[in-house]
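# Survey of secondary and tertiary structure
Chain by chain, the residues:
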Amino acid sequence: MQIDIVSVFPEYFDVLNLSLFGKAQSKGLVSVHAHNLRDWTHDVHHSVDDTPVGGGAGMVMKPEVWAECLDDLLGLEPREMNADGESDSNSNSGAGIPDGADATATTSAAAGESPSNGTGDAEHQPASDSASADTVPDSDSQAPTHNLDTVLIFPNPSAPLFTQRDATELSHAKRLVFGCGRYEGYDARIPAYYRAQGVDVREYSIGDYVLNGGEVAVSVMLEAITRLLPGFMGNPESIVEESYTGSEALLEHRQYTRPAVWRGMGVPDVLLSGDHGKVNRFRRDEALARTDAIRPDLIEQLDCAQLSKADRKT
Ligand code: ADE
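Residues numbered from 1 in each chain as written. Predicted model: local features only at pLDDT ≥ 70, side-chain atom pairs only at ≥ 80, totals over all residues.

## Considering the overall build of the chain
The following threshold applies: Helix and strand definitions here come from DSSP, where helices need a minimum of 4 consecutive H or I residues and strands a minimum of 2 consecutive E residues; each element is numbered from the N-terminal end. Residues with at least 20 other C-beta atoms within 10 Å of their own are called buried, those with 12 or fewer are called exposed, and the rest are partly exposed. The C-beta atoms themselves are positioned from the backbone.
Each helix and strand counted, the chain has 9 helices and 9 strands in total. Put simply, the chain has 314 residues, and 33% of those count as buried.

Encoded structure:
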């Protein structure tokens, strides 16, 4: 999987050279490039933001700089939009969103290279929304798609919540391009424009709190997505049993290790019984009970057809 991250703090992603992610890069499972958005500025101050139209506090990231950067990374030509929020010319459709690590602009800010045009001829994803010149579509319609090619992702505290389901879906993409916002966020026309160009654009929040920028959110999403790649985890079975995995999202049962008694505290007897049936039942009951107590919203979303008689008793 090829991963491009655009940020005004690309060094933030140096940590991706460590640990399992670092190993995954060495193994060739993932190839990551962190780009500095300021490399696409032309003014002496390398400015990427401006005051909000309509007033208000803070600064908003400018569409021009983002577009120069994303056009380069996605191999798209600049287009003027008409009053219906469509591209005046269709010549971007079918044009290249590069699908391979080698076919793209892979400017490494750390390496101090300058931006270059990406080329390629991979198909575009169908637009999930179309932009309008005076109204900007929201990002609620994020229907699952399979065999994803390139997906452009913006973290945004005002977007739908990123879930395990999204992580699973995105783990099938060939290429992910993340755009990290800062300040009061990015101009809303940026995602709208790329949707209108046929790019599969997603906006996600990682939780109901506000961070200083998208970098942490991208790190969270990236880890949730890439650990699902075949070969990424040492023990792939650990993924199957985890919370939020599979068709039902339950919180996981609690875990214990040795010693069986520690500081006077024992582990549940059933876990020492050697009876796998009983152990599984105990764990399943605990998962259901904990989910009901801590995240009743997840219980409400459960597909009742998948609950056994014994589950229902819990
Ligand atoms: N940027 C700032 N806060 C965020 C959040 N909660 N999720 C995604 N992106 C963000």
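## Re the sheet that holds strand β6 (residues 175-179)
Under the convention used in this document: Any two strands between which DSSP finds at least two bridges are classified as paired. Here an angle of 0 to 180 degrees is reported between the N-to-C directions of two axes, which are lines fitted to C-alpha atoms, with helices fitted over the stretch in contact. In this description, a residue-residue contact is defined by the distance between C-beta atoms placed from the backbone, which must lie within 7 Å.
The sheet built from 5 strands is open, its strands ordered β2-β1-β6-β5-β7 with parallel pairing. Single-partner strands in this sheet number two, and they are β2 (31-36) and β7 (200-204). Sheet twist, expressed as the average angle between the axes of neighbouring strands with direction ignored, equals 20 degrees. In the sheet, strand β1 (residues 2-7) pairs with β2 via 6 bridges, with the strands oriented parallel. Residue pairing in the sheet places Ser7 in a bridge with Asn36 of β2. Helix α5 (residues 214-226) rests against β1, β5 (150-155), β6 and β7 of the sheet, and its axis sits at about 135 degrees to β5.

## Some details on the nonpolar core
Selection rule: A set of buried residues drawn from Ala, Val, Leu, Ile, Met, Phe, Trp, Tyr and Cys, joined through C-beta atoms within 7 Å, is what defines a nonpolar core.
Ranked by internal contacts, the top residues of the largest apolar core, which has 52 residues, are Ile5, Cys69, Ile153, Leu176, Phe178 and Met221. Of the residues forming this core, the biggest block, 6 residues, is contributed by helix α2 (residues 63-74). Excluding residues that lie within four positions of it along the chain, Ile5 makes contacts with Phe13, Ala34, His35, Phe178, Cys180 and Val218.

## Quick word on the packing of α2 against helix α4 (residues 189-196)
As a reminder of what qualifies: A crossing counts as left-handed when the near helix is turned anticlockwise from the far one by less than a right angle, and as right-handed when that turn is clockwise. Any residue outside Ala, Val, Leu, Ile, Met, Phe, Trp, Tyr, Cys, Pro, Asp, Glu, Lys and Arg is labelled polar, Gly included; the first ten of those are nonpolar and the last four are charged.
Where α2 meets α4, the axes come as close as 10 Å, and the angle between the chain directions of the two elements is 35 degrees. Handedness of the crossing formed by α2 with α4: right-handed. On the side of α2, the interface is formed by Pro63, Trp66, Ala67 and Leu70, while α4 contributes Arg189, Ile190, Tyr193 and Tyr194. For the contact of α2 with α4, the per-class residue count stands at 7 nonpolar, no polar and 1 charged.

## Describing the site of the ligand
What counts is decided by this rule: Placing the C-beta atom from the backbone, one calls a residue near a molecule or strand if that atom lies within 6 Å of it.
The immediate surroundings of the ligand are formed by Pro155, Asn156, Pro157, Ser205, Ile206, Gly207, Tyr209, Val210, Leu211, Gly214 and Ala217. A class-by-class count of the residues in the shell around the ligand yields 7 nonpolar, 4 polar and no charged.

## Structural notes on unusual backbone geometry
Note that the residue after Arg258, namely Pro259, is joined by a cis bond; omega there is 5 degrees. Of note, Pro259 is situated in the loop between α6 (237-240) and β8 (261-262). Its identity is not glycine, yet Tyr183 carries a phi of approximately 55 degrees, on the positive side. Here Tyr183 is to be found in the loop between β6 and α4. At Arg263, a residue that is not glycine, the phi angle is positive and equals roughly 50 degrees. Along the chain, Arg263 turns up in the loop between β8 and β9 (265-266).

No statement about biological role is implied by the geometric values presented.
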